[in-house]
Amino acid sequence: HILDIILQQLNCEYDILSIKEAKSAQQKMWILKLSLKADKSSSTLRSSCGDSKAWKECLQRGQNRLVVRQWQGGSRWWNLHSNQDPKILAKAEVFGYRSARQSLTKAHGEGEKQWIVVIPRLLYYYDAESNNDELPCAIFEYVGMHSTCFDSHRRYDDSYVTEMIKTRHEFGFDEPHPRWGRLPIEGSLEYANCILEQVVIPLHTNPQISSIEQVVQTYESMLQLYGKALKDMKKQQNILCEGSVHKDSRMAEALDLLENAVTIVLPDNIGKIPPLPASLVHLDLQPQNLLFSRDSSDKRRISSVLDWEEAAVSDPRFELLLLGRKVCANREQAELLWKSYCDSTNKNLGLLHPWLQLETIHSITTLLLQSMNLLNGGRNPWETKKDLWEKIRREFVRWERLCQEDNANEQKITKI
């Protein structure tokens, strides 16, 4: 189906030489290499019009390559990494690509030092809404290392990805990251500031939101999501207790702690958060989702931003929170990043602290949902996945420290 569409859009002037599967966490992705047929001339590019012209322009930039993406999973940060309908995720990602392309694709600098942050053009999208048995898919422009986005003045650079480490000491603990890794502590703030300057601030100060209607995500809306998840887990826990499937009390104790956070502590933060206009957010600006180049002065630049699975219209502080918590390695780096954004945009973000509390509860809720899924399958998660309880325990320690910080601040205010 996809191959037929590609050949049709190119007026059957090209042959498909190769199809190579590319790495993707939960979706399927392929890079297609095409070639102009022997009896065709490149002059046809100039005479093309409409959609065919756009396709051929993308082929020129991609050196006769295109990217095909098929959505098979629906796990997102916004849905607590529950594997929902991939059609929802596909719709969000397409929205992200379209909106970001309008906001970010523009030239910066001059002469040999000029660079462009390129967001791949979406050439075709099949949403599969009319057929429950089919999966959504899309065809994108190729902007990778073999494209004309890179040349002698803009050299492809993957050093951020190759520098990533599988275990990093972050926010008090050694955390394993077996899939992609994390940037070393000494380079993480530099990277985060690069992302802030070249992606986040331009995205937030030049908003071009696609016309697709979007729900705006806020601190309060996430609290509602945690509350619903908590209610469902407590209900399941009661059923499991009645059946005496497992005697381990840790799940019940964890749910009680979570209930206190979701119903008392976090709601108290809402009135302390200054309002801000919503922005488009990416929420996963790790090195594996970006392409970098080096200019003639050896300065590292962002060439493209990929993987918009987490794209949403939300409070812009969510982007800063995930950069501060997942890219930065400690509280000091996260606070400096928070301040840099304030200084650059003249926006009053308020304190980082309530957002760190939110992210900690987000992680706890997500991990407890994973544990509950194992329990419902008749398995004790603390025995079958021992590292799961350790992750939960570390997050509760972080939560306790954040709450102690709150208490200390209240005591200071009382003394004053």
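Residues numbered from 1 in each chain as written. Predicted model: local features only at pLDDT ≥ 70, side-chain atom pairs only at ≥ 80, totals over all residues. Heavy atoms only, no water.

**Some thoughts on the overall build of the chain**
Filter applied, for reference: Segments assigned H or I by DSSP are reported as helices when at least four residues long, segments assigned E as strands when at least two residues long, and all are numbered from the N terminus. Buried means the residue's accessible area, taken with a 1.4 Å probe over protein chains only, is under 20% of the maximum for its type, while exposed means over 50%, and partly exposed covers the values in between. Calculation of accessible area relied on Shrake-Rupley with a 1.4 Å probe; when residues are assessed, cover is drawn exclusively from the protein chains displayed.
Across its full length, the chain holds 13 helices and 15 strands. Looking at the chain as a whole, 51% of its 416 residues qualify as buried. Just so you have it, the chain exposes about 20,000 Å², and 49% of that area is on carbon and sulfur atoms.

**With respect to the packing of aromatic side chains**
Selection rule: Pairs were defined over the aromatic rings of Phe, Tyr and Trp, the Trp ring being its six-membered one, requiring ring centres within 6.5 Å. Orientation was assigned from the angle between planes: stacked under 30 degrees, edge-to-face over 60, tilted for the rest. Whether a charge sits over a ring depends on NZ of Lys or CZ of Arg being within 6 Å of the ring centre and within 35 degrees of the ring normal.
In the structure shown here, the tally under the stated rule is twelve aromatic pairs. A ring pair is formed by Trp77 and Trp78, whose centres lie 5.1 Å apart and whose planes are at 85°; its orientation type is edge-to-face. You'll find Trp77 and Trp78 in the same group, each marked buried. Geometrically, the ring pair formed by Tyr160 and Tyr191 is edge-to-face, given 4.8 Å between the ring centres and 80° between the ring planes. Here the residue Tyr160 occupies a position in helix H5 (residues 159-162), and Tyr191 occupies one in helix H6 (residues 185-205), the gap between them amounting to 31 residues. Look at Tyr191 and you get buried, because its relative accessible area is 0%. Each residue in the set Trp77, Trp78, Tyr219, Phe318 and Trp355 is aromatic and connected to the rest through ring pairs, giving one cluster. The side chain of Arg300 reaches across the aromatic face of Tyr160, ending 3.6 Å from its centre. Above the plane of the ring of Phe171 lies Arg325, whose end atom (NZ or CZ) is 4.6 Å from the centre.

**Brief notes about the pairing of strand S14 (residues 300-305)**
Defined as follows: The pairing criterion is simple: DSSP has to find at least two bridges between the two strands.
The element S14 is extensively covered by neighbouring structure, given that six of its six residues are classed as buried. Note: strand S13 (residues 290-294) against S14, five bridges, orientation antiparallel. Paired with Leu290 across the bridge in S14 is Val305. If you look at the hairpin formed by S13 and S14, you'll find five residues sitting between the two strands, and Asp298 has a positive phi there, around 70°.

**Quick look at the nonpolar core**
Put simply, the rule is: What is meant by a nonpolar core is a set of buried Ala, Val, Leu, Ile, Met, Phe, Trp, Tyr and Cys residues, joined one to another through side-chain atoms within 4.5 Å. Residues count as neighbours in contact if any of their non-hydrogen atoms are within 4.5 Å of one another.
If you look at the biggest cluster of nonpolar residues, it comprises 94 residues, and the most contacted ones within it are Ile195 and Trp308. The element contributing the most residues to this core is helix H11 (residues 353-376), with eleven residues. The contacts of Trp308, once residues within four sequence positions are left out, are Ala92, Glu93, Gly96, Tyr97, Ala100, Leu104, Ile119, Leu203, Leu280, Val281 and His282. In this structure, Leu10, Trp55, Cys58 and Leu66 belong to the second largest nonpolar core, which totals 16 residues.

**Focus: the packing of H6 against helix H9 (residues 317-327)**
Put simply, the test is: Helix axes are fitted only over the stretch in contact, all axes being lines through C-alpha atoms; the angle between N-to-C directions runs from 0 to 180 degrees. For this classification, under 35 degrees means roughly parallel, over 145 means roughly antiparallel, 65 to 115 means roughly perpendicular, and everything else is oblique. Left-handed describes a crossing in which the near helix is turned anticlockwise from the far one by less than a right angle; the clockwise case is right-handed.
Two numbers describe how H6 lies on H9: the axes approach to 11 Å, and their chain directions differ by 165°. In terms of orientation, H6 and H9 fall into the roughly antiparallel class. Between H6 and H9 lies a crossing whose hand is right-handed. Of the residues in H9, those in contact with Ser188, Tyr191, Ala192, Ile195, Leu196, Val200 and His204 of H6 are Glu319, Leu320, Leu323 and Val327.

**Focus: the side chain of Arg300**
Selection criterion: Throughout this description, a polar contact denotes any pair of N or O atoms lying within 3.5 Å of each other; where both atoms belong to protein, one of them has to be capable of donating a hydrogen while the other can accept it, and for residues adjacent in sequence the pair is counted only when both atoms sit in side chains.
One can find Arg300 in strand S14. When its relative accessible area of 14% is taken as the criterion, Arg300 is described as buried. Within the local environment of Arg300, its side chain forms a polar contact with the side chain of Tyr160, the two groups lying 3.4 Å apart. Arg300 has contacts with Asp157, Ser159, Tyr160, Glu163, Glu190, Gln198, Phe292, Ser293 and Arg294, leaving out every residue within four places of it along the chain.

**Focus on the pairing of strand S10 (residues 173-176)**
In summary, the side chains of a regular strand alternate between the two faces of the sheet. Side chains of S10 alternate between two faces, with Phe173 and Glu175 buried and Asp174 and Pro176 left unburied. One ladder, built from four bridges, connects strand S9 (residues 167-170) with S10; its direction is antiparallel. Bridge pairing links Arg168 to Glu175 in S10. Linkage of S9 to S10, two consecutive antiparallel strands, is achieved through a turn of two residues, within which Phe171 is found at a positive phi near 50°.

**Some thoughts on the pattern of salt bridges**
The condition that has to hold: By convention in these notes, a salt bridge is any Lys or Arg side-chain nitrogen within 4 Å of a carboxyl oxygen on Asp or Glu.
A complete count under the given rule lists 31 salt bridges for this structure. Taking the shortest distance from any N to any O, the salt bridge between Glu13 and Lys56 comes out at 2.7 Å. Pair noted here: Glu13 is in the loop between helix H1 (2-9) and strand S1 (14-21) and Lys56 is in helix H3 (residues 50-61), with a separation of 43 residues, a long-range link. Judged by relative accessible area, Lys56 falls into the buried class, the value being 1%. Arg301 serves as the salt-bridge partner of Asp295, at 3.7 Å between the closest nitrogen and oxygen.

**Examining the sheet that holds S1**
Across the sheet, five strands lie side by side as S1-S2-S3-S7-S6; this open sheet has antiparallel pairing. Single-partner strands in this sheet number two, and they are S1 and strand S6 (122-126). Between one strand axis and the next, the sheet turns through 20° on average, direction left out of account. When S1 meets strand S2 (residues 28-36), the two strands line up antiparallel, connected through seven bridges. What sits directly across from Ile16, in S2, is Leu34. Contacting strand S3 (65-70), S6 and strand S7 (137-141), helix H4 (residues 86-104) crosses the sheet at an angle of about 160° to S6.

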